[in-house]
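Listed here are the chains, written in short residue letters.
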Amino acid sequence: MHLEFCRSPEKLGPEVSNEKMDEYLCLTDLLDQDLTAWEYFQTLPPAIQTTLRREDGASSFRELQARANRLRAGEVPEPERDGFR
């Protein structure tokens, strides 16, 4: 893939098994490599997607879900409420 540089360096060593990696360095890599995360992300409202992309901190599917749930609960202002788009 075009974003191989995002992958966490410790995950690239020979000790990596054939199991699916579940932690990534950045949201872009997570969405690029994990189909379930990408499909879930596509179901989110555009404002939440924008905020998650701006934060770029979700490194696993579980963390992506938790951050999206916090945004839905209003814990973090959505972009249009702050005047961002």
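In what follows, the accompanying structure is described. Predicted model, so just to flag it, every value in this text is computed and none were measured. (Residues numbered from 1 in each chain as written. Predicted model: local features only at pLDDT ≥ 70, side-chain atom pairs only at ≥ 80, totals over all residues. Heavy atoms only, no water.)

Tracing the backbone shows Ser-60 in the loop between helix H3 (46-55) and helix H4 (61-72). Take Ser-60: its relative accessible area is 12%, and that puts it in the buried class. Only 3.1 Å separates the side chain of Ser-60 from the backbone nitrogen of Glu-63, close enough to count as a polar contact. Dropping the residues within four chain positions of it, Ser-60 is found in contact with Asp-22, Glu-23 and Leu-30. (Helix = DSSP H or I, 4+ residues; strand = E, 2+ residues; numbered from the N terminus. Buried < 20%, exposed > 50% of the residue type's maximum accessible area, 1.4 Å probe, protein only. Polar contact = N/O pair within 3.5 Å; in protein donor to acceptor, adjacent residues only side chain to side chain. Contact = heavy atoms within 4.5 Å.)

With that settled, the discussion passes to the environment of Thr-28. With respect to the helices and strands, Thr-28 occurs in helix H1 (residues 27-33). Residue class for Thr-28 comes out partly exposed when judged on its relative accessible area of 35%. Linking Thr-28 and Arg-53, residues 25 residues apart in sequence, is a C-alpha distance of 8.0 Å.

Bringing unusual backbone geometry into the picture now. Even without glycine at this site, Asp-56 takes up a positive phi of about 50°. Here Asp-56 lies in the loop between H3 and H4. Note on Asp-56: relative accessible area 33%, which makes it partly exposed.

At a minimum axis separation of 10 Å, H3 and H4 run at an interaxial angle of 125°. In this view, H3 runs oblique relative to H4, as classed from their interaxial angle. Where H3 crosses over H4, the two elements pack in a sense that is right-handed. The residues of H4 that touch H3, namely those facing Ile-48, Thr-51, Leu-52 and Glu-55, are Leu-64, Arg-67, Ala-68, Leu-71 and Arg-72. (Axes fitted to C-alpha atoms, helices over the stretch in contact; angles between N-to-C directions. Parallel < 35°, antiparallel > 145°, perpendicular 65-115°, else oblique. Left-handed = near helix turned anticlockwise from the far one by under 90°.)

Our next topic: the packing of aromatic side chains. Scanning the entire structure with this criterion turns up one aromatic pair. Consider the rings of Tyr-40 and Phe-61, whose centres lie 5.6 Å apart with planes at 90°: the pair is edge-to-face. Taken as a pair, Tyr-40 in helix H2 (residues 35-43) and Phe-61 in helix H4 lie far apart in primary sequence, 21 residues in all. Residue Tyr-40 is classed as buried on the basis of its relative accessible area, which comes to 16%. (Phe/Tyr/Trp six-rings, centres within 6.5 Å; stacked < 30°, edge-to-face > 60°.)

Read these as layout, nothing more, since geometry by itself doesn't imply function.
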